[in-house]
Structures are given as C-alpha cells and as structure tokens.
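This is what each chain is made of:
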Amino acid sequence: MSHVADVDLHITDLDALGAAAEAAGFELVRDVKTYNWFGSFLNDWNDTDRAAIHRGIPEELFGTCDHKLRRKGASEGEYEIGLTRVPGREGYTPLYDSYGNGKQLERALGGAGLPALKQGYAAQVSAKQLRKQGYSVRITQQTDGKLRVRGSR
Amino acid sequence: MKQIDVIIDETGNPTIHTSGFTGGECAKETAALEKALGAKTKDTKTPEFFKATVGRITQ
C-alpha cells in the first residue's frame, strides 16, 4: 500500500523546523534526496483531503526530497517524512507514507496531518521572530494543549 | 512592559495577543511576525488601541 499524505504546512525556515523536530523526538537530516516509504505508488488511496496525488502533487515526487525528518532511534527502513519542493508552492512540503509503519509518524506527531509538527514549527518561527525584534521569549505548554510563545520587553 | 503572546492551538493555528502598545504601534510590531507565520493571524485589539485612537481624533 502507498498512502502518501500531503501535510498542510509550507516550511520556509529549516532551522525552526529542526528545533520543532528536536522537541518532538525527531531529527532533521539535511541535503538528502530520498526518504523511506512503501517504495512504489499504487494509487490505492482516494482521500481527497489528504492524499498527495489528489492535492496536485505528481507521483514522480513521492519518495524524493531535499531534506527529511527521521524519528530518533528509528529502526532500519522505518518510514520518514520527506521535505520536498513542490512546484507552485512556497518552501518545503512535508510528505510521508501514512500506511503501515507510517502510523508511527502520526502517533508521534499528534495524528493525521502531523498537527504537533505544525504547532511546534509555528512556535519556533514565532520565537525566532520575536527574539529578532528584541523580545525575551518564553515558550510554555498550556493545560489545554495550546502552546504559548510570550515575548516581553 | 510590552508583551506579545502567540497562542498556537493543537492544529497549529496561531493567534496573536498584544498588550502595552498604543494605536497603530501594535500592528507595526506584529507585521513581521504575521509574515513569518505565513498567514494573516487572528488578532484582538486591546483597550489601549482605542484609547490612543480617540486621543488622536479629539486633538
């Protein structure tokens, strides 16, 4: 099965992504051309909201990347998240095979669509920009699950 | 003290809250942040914003 999922996140700051990945137990591996997935496209997933093929991403891009995210302590062959330049989109788009052991990626990152990665990335981008503007920054997790990035000066 | 809070929900959507700014100073200060986050975020205007606006109109 090959269920390549498109994540609704356009990454323009790799350093911020690396920090978010680190906090979630992943590592950013830069300048690599492939990531682990099923390995061939079977066109067997019709979810128009999530399936990359139905969201305008050509199958030639599946399994290819510019950088990738790997779970720390991942076993040999465990699926990974590719960070891929998609024509017409800004930055890098995360793509991953959500079938089989791809479920581990979703379990680690908040479920389908990797919301914890999106949340952590937004927090790191915010913190970086606030520091750039001269604020001292603190990131805290609220009891309702939201992240608060507070800049003060 | 000037303070900017970015609250990010569990799906990754950010909302910006500010305090200690007056008038348009706040929008200017958060513009780069909104740009960095890649989208127009929700914002809420504090009483300071309106106080400063009224002040300018009545001068």
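An account of the accompanying structure is given in this report.

Analysis parameters
- Residues numbered from 1 in each chain as written.
- Chains lettered and ligands numbered in written order.
- Predicted model: local features only at pLDDT ≥ 70, side-chain atom pairs only at ≥ 80, totals over all residues.
- Helix = DSSP H or I, 4+ residues; strand = E, 2+ residues; numbered from the N terminus.
- Contact = placed C-beta atoms within 7 Å.
- Buried ≥ 20, exposed ≤ 12 C-beta atoms within 10 Å, placed from the backbone.
- Pairing = 2+ DSSP bridges.
- Expected span 1.5 Å × (residues − 1).
- Nonpolar A, V, L, I, M, F, W, Y, C, P; charged D, E, K, R; others polar.
- Axes fitted to C-alpha atoms, helices over the stretch in contact; angles between N-to-C directions.
- Left-handed = near helix turned anticlockwise from the far one by under 90°.

When helices and strands are counted, chain A shows 3 helices and 7 strands. For chain A, the succession of helices and strands along the chain, N to C, is β-α-β-β-β-β-α-α-β-β. In terms of principal-axis extent, the alpha carbons of chain A reach across some 55 × 30 × 30 Å. Intrachain contacts of chain A at a sequence separation of at least 6 include 62% that bridge at least 24 residues.

Right, let's talk about the pairing of strand β5 (residues 92–97) of chain A for a bit. Residue and element names in this part refer to chain A. In terms of burial, β5 is largely enclosed, as 6 of its 6 residues are buried. Bridging between strand β1 (residues 4–6) and β5 involves 3 bridges; their strand directions are antiparallel. Its bridge partner being in β5, Asp6 is matched across the sheet by Leu95. Pairing of strand β4 (residues 81–85) with β5 involves 5 bridges; the strand directions are antiparallel.

With 18 residues, helix α3 (residues 115–132) of chain A extends 26 Å between its outermost C-alpha atoms, agreeing within 8% with the 26 Å of an ideal straight helix rising 1.5 Å per residue. Backbone geometry just after α3 of chain A places Gly134 of chain A at a positive phi near 90°.

To continue, consider the interface of chain A and chain B. Listed as interface residues are 22 residues of chain A and, on the opposing side, 18 residues of chain B. Those elements that place two or more of their residues in the side of chain A that touches chain B are α3 and β7 (147–152) of chain A. Considered class by class, the residues forming the side of chain A that touches chain B number 8 nonpolar, 9 polar and 5 charged.

Next up on the list: the sheet that holds strand β2 (residues 26–30) of chain A. Residue and element names in this part refer to chain A. A sheet is described by the order of its strands in space; here 5 strands give the open sequence β1-β5-β4-β3-β2, paired in antiparallel fashion. The open sheet has two free edges, formed respectively by β1 and β2, since each of these has just one partner strand. With direction set aside, neighbouring strand axes in the sheet form an average angle of 25°. Sheet strands touched by helix α1 (residues 14–23): β2 and β3 (67–71). Its angle to β2, the strand with the most contacts, is close to 150°.

Once that is clear, we can look at the pairing of strand β2 (residues 14–19) of chain B. All names here are of chain B. What you see with β2 is a clean split: Pro14, Ile16 and Thr18 sit on the buried side and Thr15, His17 and Ser19 on the side with no burial. With 6 bridges connecting them, strand β1 (residues 3–8) and β2 associate as antiparallel partners. Within the sheet, the bridge partner assigned to Ile7 lies in β2 and is Thr15.

Moving on: the packing of α3 of chain A against helix α1 (residues 25–37) of chain B. For the pair α3 of chain A and α1 of chain B, interaxial distance at closest approach is 9 Å and the crossing angle is 150°. As for the relative orientation of α3 of chain A and α1 of chain B, their crossing is right-handed in sense. Contacts between α3 of chain A and α1 of chain B involve Ala122, Val125, Ser126, Gln129 and Leu130 of chain A from the former and Ala32, Leu33, Ala36 and Leu37 of chain B from the latter. Of the residues that constitute the contact of α3 of chain A with α1 of chain B, the class distribution is 7 nonpolar, 2 polar and no charged.

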